[in-house]
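# Overview (structure and organization)
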Amino acid sequence: MISKSLKLEKQYKSLGGKLGFYSHQSSTCNSEMKFTVYQPPQAESQPVPILYYLSGLTCTEENFMAKAGAQQWAAKYGLMLVAPDTSPRNTGIPGEADNWDLGSGAGFYVDATAAPWNSHYRMYSYVVDELPNLIASNFPVIREKQGIFGHSMGGHGALICALKNGDRYLSVSAFAPICAPVRSPWGQKIFGHYLGGDRENWKAWDASELVLEQQYKRPILIDCGTDDSYLADGQLLPDAFAVACAKVGQMLTLRMQEGYDHSYYFVASFMEDHIRHHAAALCE
């Protein structure tokens, strides 16, 4: 039974399960937030594990469900998929929608500390705390069995959420993640606005820094395409993360997929591998 705090916007039958689009007033982000939930067929008769997906820059809660082809594998393994929007929207912050890589669609899964962003842009706390509480209260899930993955900005989000909360996330993976945002142009731009000018504070939101202090203790899977233009221009820096993992003995499988780019064609191509990676931990 869905609580009154959630509004079901639309729902579709999908691969024997249900795909629903929801909105609610978020206390964490102080604004309306949206997310999608795919309930596999197994959820009709029993609680199931949860797999959270964090999308990349400019995406909404819909992109992943429409483009990644994940529902077929979630149905096979009996996983509930949850995909939040990538930021608060229409908050009234001046210039919020002026740049494609800052503000709307670019929450970067951090808790902003600098004004004016800190009044709404608290995506880390939303993903880690508020959203899981909503899911556990309204859907048939096994809360203690949850994993997280994502793409690009969302890959960065998945890595930092898991590294900061190794007791909550039993599995993590990423497609073309921004692995060292302190050293990347995207990260420097966004962190400067959301977190202020002290770069030491940025390290708490950088996977390549976090893994040195907060080892995850479970295997991490990352896929990148060799033809990804963001790899070539220094935005992703997966090698920096691999070096950091090697220093502390963190289990990492980093696969460079020949000829693939940054698109959802790439994501969909290896989706089954990632769902299987999570199912191994969540469905045992």
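We now turn to the structure provided with this report. A quick note: this is a predicted structure, and the numbers were derived from the prediction, not measured.

About the cut-offs
- Residue numbering note: each chain is counted from 1, following its sequence as written.
- At least 70 in pLDDT is required for a residue's local features to be given in this predicted model, at least 80 for side-chain atom pairs to be given and counted, and no such filter applies to totals for whole chains, interfaces and linings, which use all residues.
- No hydrogens and no water enter the side-chain calculation; it runs on all heavy atoms of the structure.
- Counting from the N terminus, the helices are DSSP H or I runs at least four residues long and the strands are E runs at least two residues long.
- The globule rule used here is 2.2 Å times the number of residues to the 0.38 power, and the radius of gyration it is set against is calculated over C-alpha atoms.
- Only protein chains enter the calculation, and the probe is 1.4 Å; a residue is then buried if its accessible area is under 20% of its type maximum, exposed if over 50%, and partly exposed in between.
- Two residues qualify as a contact provided that any one of their heavy atoms is within 4.5 Å of a heavy atom in the partner residue.
- Residue-level accessible areas treat just the shown protein chains as cover; the underlying method is Shrake-Rupley with a 1.4 Å probe.
- For this count, His and the chain ends are skipped, Lys and Arg are scored as positive, and Asp and Glu as negative.
- Every charge is mapped onto a representative atom, which is NZ of Lys, CZ of Arg, CG of Asp or CD of Glu.
- By definition, a salt bridge exists where a carboxyl oxygen of Asp or Glu is found within 4 Å of a side-chain nitrogen of Lys or Arg.
- Throughout this description, a polar contact denotes any pair of N or O atoms lying within 3.5 Å of each other; where both atoms belong to protein, one of them has to be capable of donating a hydrogen while the other can accept it, and for residues adjacent in sequence the pair is counted only when both atoms sit in side chains.
- What counts as a ring pair is set by centres within 6.5 Å for rings of Phe, Tyr and Trp (its six-membered ring), and what kind of pair is set by the plane angle: stacked under 30 degrees, edge-to-face over 60, tilted for all other angles.
- Each ring is checked for a lysine NZ or an arginine CZ that lies within 6 Å of its centre and within 35 degrees of its normal; such an atom marks a charge sitting over the ring.

Time to look at the overall build of the protein chain. Assigned secondary structure in the protein chain consists of eleven helices and nine strands. Its C-alpha atoms give the protein chain a radius of gyration of 18 Å, near enough to 19 Å, the size a compact globule of 284 residues would have. Based on the C-alpha atoms only, the size of the protein chain along its principal axes is roughly 50 × 40 × 35 Å. Scored against the burial criterion, the 284 residues of the protein chain give a buried share of 58%. Sequence-distant contacts in the protein chain: of pairs separated by 6 or more residues, those separated by 24 or more amount to 72%. Carbon and sulfur atoms form 48% of the exposed surface of the protein chain, whose accessible area is close to 11200 Å². Computing the positive centroid from 23 side-chain charges and the negative centroid from 29, the protein chain places the two 6 Å apart.

Locating Glu 130 in the fold gives a position in helix α3 (residues 123–138). Within the buried set, Glu 130 has no salt-bridge partner at all; the shortest N-O distance to an opposite charge, 8.3 Å, is to Arg 122. Looking at Glu 130, its side chain comes within polar contact range of the main-chain nitrogen of Ser 27, at 3.1 Å. There is a polar contact of 2.7 Å between the side chain of Glu 130 and the side chain of Thr 28. Here Glu 130 is in contact with His 24, Gln 25, Ser 26, Ser 27, Thr 28, Cys 29 and Ser 125, once residues within four sequence places are set aside.

So, about the packing of aromatic side chains. Scanning the entire structure with this criterion turns up 19 aromatic pairs. Geometrically, the ring pair formed by Trp 186 and Tyr 230 is tilted, given 4.6 Å between the ring centres and 45 degrees between the ring planes. Of this pair, Trp 186 sits in helix α5 (residues 185–195) while Tyr 230 is found in helix α8 (residues 229–232), placing the two residues 44 residues apart along the sequence. Taking the relative accessible area as the measure of exposure, Trp 186 reaches 5% and is therefore buried. In textbook terms, an aromatic cluster arises when at least three aromatic residues are bridged by ring pairs, as seen for Tyr 53, Phe 64, Phe 149, Phe 175, Tyr 260, Phe 266 and Phe 270. Above the face of the Trp 205 ring, Lys 164 is positioned so that its terminal group lies 4.3 Å from the ring centre.

Here we take up the pattern of salt bridges. For the structure shown, the criterion picks out ten salt bridges. In this structure, Asp 111 engages Arg 122 in a salt bridge whose closest nitrogen and oxygen atoms are separated by 3.6 Å. Placement of the pair is Asp 111 in the loop between β5 (80–84) and α3 and Arg 122 in the loop between β5 and α3, with a sequence separation of eleven residues. Arg 122 gets classed as partly exposed once you look at its relative accessible area, which sits at 29%. When salt bridges with common partners are traced through the structure, they connect Lys 76, Asp 223, Arg 255, Glu 272, Asp 273 and Arg 276 into a single cluster.

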